[in-house]
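In case you want the letters, here they are:
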Amino acid sequence: MTTVSVRDLWKDYDGQMILERVNLEVSAHSFVSIVGPSGCGKSTFLRMLLSQETPSRGKILIDGAPLPPEPTEERGVVFQRYSVFPHLTVLENVAFGLEVGTARLLGRLFGARRRAVFDQCQDILRAVGLDMAQGKYPAQLSGGMQQRLAIAQALIKRPKALLLDEPFGALDPGIRADMHELMLQLFEETGLTVFMVTHDLKEAFHLGTRLLAFDRYKTRPEEIGVYGATVTLDLPLDRTTSRERREAMKDLQNKAAAQPAA
Amino acid sequence: MAKRLINRHPSRAGLIYFGLLPFLVLVLLYATGSTIRLAANPNDKLLPGFTSLVDAFVRLALAPDRRTGEILLWVDTAASLSRLGLGLAVSTALALVVGVANGLLPYVRAGLSPLVAVISMIPPMAILPILFIVFGLDELSKVVLIVIGVAPFLIRDLQARVEEMPREQLIKAQTLGASSWQIVLRVVLPQMLPRLIDSVRLSLGPAWLFLISAEAIAAEVGLGYRIFLMRRYLAMDVILPYVAWITLLAICSDYVLRLLTRKTFPWLDAGRGAP
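Residues numbered from 1 in each chain as written. Chains lettered and ligands numbered in written order. Predicted model: local features only at pLDDT ≥ 70, side-chain atom pairs only at ≥ 80, totals over all residues.

Participant: Please explain the overall build of chain B as it appears in this structure.
Facilitator: Assigned secondary structure in chain B consists of twelve helices and zero strands. Computed over C-alpha atoms, the radius of gyration of chain B comes to 24 Å, more than 25% over the 19 Å expected from 2.2 N^0.38 for 275 residues, which places it beyond the range of a compact globule. For chain B, the spread of C-alpha atoms along the principal axes amounts to about 80 × 70 × 30 Å. Expressed as a percentage of the 275 residues in chain B, the buried residues total 29%. If you take every contact in chain B between residues at least 6 apart in sequence, the share linking residues at least 24 apart comes to 70%. (Helix = DSSP H or I, 4+ residues; strand = E, 2+ residues; numbered from the N terminus. Rg over C-alpha atoms; globule rule 2.2 N^0.38 Å. Buried ≥ 20, exposed ≤ 12 C-beta atoms within 10 Å, placed from the backbone. Contact = placed C-beta atoms within 7 Å.)

Participant: Explain the overall build of chain A here, please?
Facilitator: Secondary structure summary: chain A contains eight helices and ten strands in total. Taking 2.2 N^0.38 as the reference for a compact globule, 262 residues should give roughly 18 Å; the C-alpha atoms of chain A span a radius of gyration of 19 Å, in line with that estimate. Each of the three principal axes of chain A carries a C-alpha extent, and together these read 65 × 40 × 35 Å. Among the 262 residues that make up chain A, the fraction classed as buried is 42%. Expressed as a percentage of contacts within chain A between residues at least 6 apart in sequence, the contacts between residues at least 24 apart total 70%.

Participant: Help me understand the interface of chain B and chain A in this model?
Facilitator: Interface size, as often reported, equals the accessible area lost upon joining of the parts. Each partner contributes to the interface: chain B provides 21 residues, whereas chain A provides 29 residues. Of the residues that constitute the side of chain B that touches chain A, the class distribution is eleven nonpolar, seven polar and three charged. (Nonpolar A, V, L, I, M, F, W, Y, C, P; charged D, E, K, R; others polar.)

Participant: Explanation requested: the nonpolar core in the structure shown.
Facilitator: Burial of nonpolar side chains together is a common tendency in soluble globular proteins. Grouped together as the largest cluster of nonpolar side chains are 114 residues, with contacts concentrated most on Ile34, Ala152, Leu163 and Phe195 of chain A together with Ile146 of chain B. Counting contributing residues per domain, this core is built from domain 1 (1–72 + 209–262) and domain 2 (75–159) of chain A, each supplying no fewer than three. Apart from residues no more than four positions distant in its own chain, Leu163 of chain A is found in contact with Leu46, Leu49, Leu50, Arg75, Gly76, Val77 and Phe195 of chain A. (Core = buried A, V, L, I, M, F, W, Y, C linked by C-beta atoms within 7 Å. Domains from an automatic or database assignment.)

Participant: Is there a simple way to explain unusual backbone geometry in this structure?
Facilitator: For residues besides glycine, phi is generally negative; the peptide bonds are generally trans as well. Residues and elements named next belong to chain A. Positioned with a positive phi, His29 is a non-glycine residue whose angle comes to about 55°. With respect to the helices, strands and loops of the structure, His29 is situated in the loop between strand E2 (16–26) and strand E3 (31–35). Phi is positive for Ser51, close to 65°, though the residue is something other than glycine. By secondary structure assignment, the location of Ser51 is in the loop between helix H1 (42–49) and strand E4 (57–62).

Participant: Any chance you could explain the domain arrangement of chain A here in plain terms?
Facilitator: Domain annotation for chain A reports domain 1 (1–72 + 209–262) and domain 2 (75–159). Here the C-alpha centroids of domain 1 of chain A and domain 2 of chain A sit 30 Å apart.

Participant: In this structure, what is going on with H1 of chain A? I would like to understand it.
Facilitator: An α-helical turn contains 3.6 residues, so any two residues separated by three or four positions project in the same direction. Residue and element names in this part refer to chain A. The buried count for H1 comes to eight of eight residues, which makes it a mostly enclosed element. Here H1 has its buried residues at Lys42, Ser43, Thr44, Phe45, Leu46, Arg47, Met48 and Leu49. Looking at the residues trailing H1, positive phi occurs at Ser51, about 65°.

Participant: Explain the environment of Gly19 of chain B here, please?
Facilitator: Among the secondary structure elements, Gly19 of chain B is positioned in helix H1 (residues 12–40). Sequence-wise, Gly19 of chain B and Val97 of chain B are 78 residues apart; in three dimensions their C-alpha atoms are separated by 40 Å.

Rendered as structure tokens:
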């Protein structure tokens, strides 16, 4: 059970303000959907949660402790693409995390110990429906199967939080629906805290227990860069009625339509 | 409907035919020129006939040399290939260590990248005299010339390949608990080896160039040495078969490296023919 606190977070690149005044308290076992127009800093926010980037000001606490300065095992990640290792088979990809944890020097195990690790991977492979494709390389898998693999690979380390950066953005609609079911099921089973950046509002509402919208509140050309984006909508989703949900979605869609296509 | 030129492909037989055609034309041109010259002067040395080329090659490959008792072609080939092999092996090892370190470790990159960039701009042939002075006229200076000529290219190429690896992979490996060393060993190296072999294939040409230049200037044995020795006697019947032999060796080494990549890295071909 993992809580995340974000305290007065600011981020700028060379004086260009991206994010400002982000404050959040995320309770354990939350599924936080993050939406917003392109360039609103939602991916930057996720990268800071991952320690891929450091905040300019403010801090992020996970279970009350400051984030380590680099990516670590407690935060798993699934990107839109390139999340899996192309030179390893499905099984080796999933076993990777366990192997590097045990074999500090060579990063891989041999013989019986390797087989034991491979056996440990079977449950999660079955859970994501890849047990029949263990010997295949990622290039031989469809996009949906690759993302299933990326999720399995991340979950085998039992991270405290899972960060998803548009994980289903490149998938066909039908496959996306399957992935949503899988994601919800894994979310319930693991008790994880999940942050997901997405462009798809429906997806954000369907999966999330909480919805965050990032947006710039000052949008005149001369103000962009001086003022960053911040959280403009923070909606707990489990308590909303379907009508509230529809209205909030419509509202966001209208806003998105009003934005320039940049 | 007539297709556009860019959409017209030769058949399998056509591919072989069009591939062989230029060679046939060249052979024919040579034969014609040789016949004309030999008709004018039977002792002409510039364009020897095919029989004398074959005779010379058989003599070099089978008969022991009168002075040394060794079979020249094999002695030369062994000497040249061992220099080339050693030079390329050292270059590849250097490229692997320095290239990966440069691509992956910011501190190493800060220290070594400018140096490698400058060294790669030095024309290797210009420092050949220095190499002869420093390393002597025997094997070492030739190997060093190949290393200086080839290694900087390999290092820079590998560094670029490491740097263009998707960031996502490195981040993912970190979130799975891999250390820097483990990332090198299990993520970067396995993916870089086939790339490195590819660049070694590309640098075979320059490596031969440096080898033959060095042998031409100072050597007692070697394919390049023999060619430049025979030049004094205008012995085209020896030079031409030697050039053909060197070309064959180069083609073979290229083929072997390509085969090695395909056999050793099955995942490279994995994507082909997949749904």
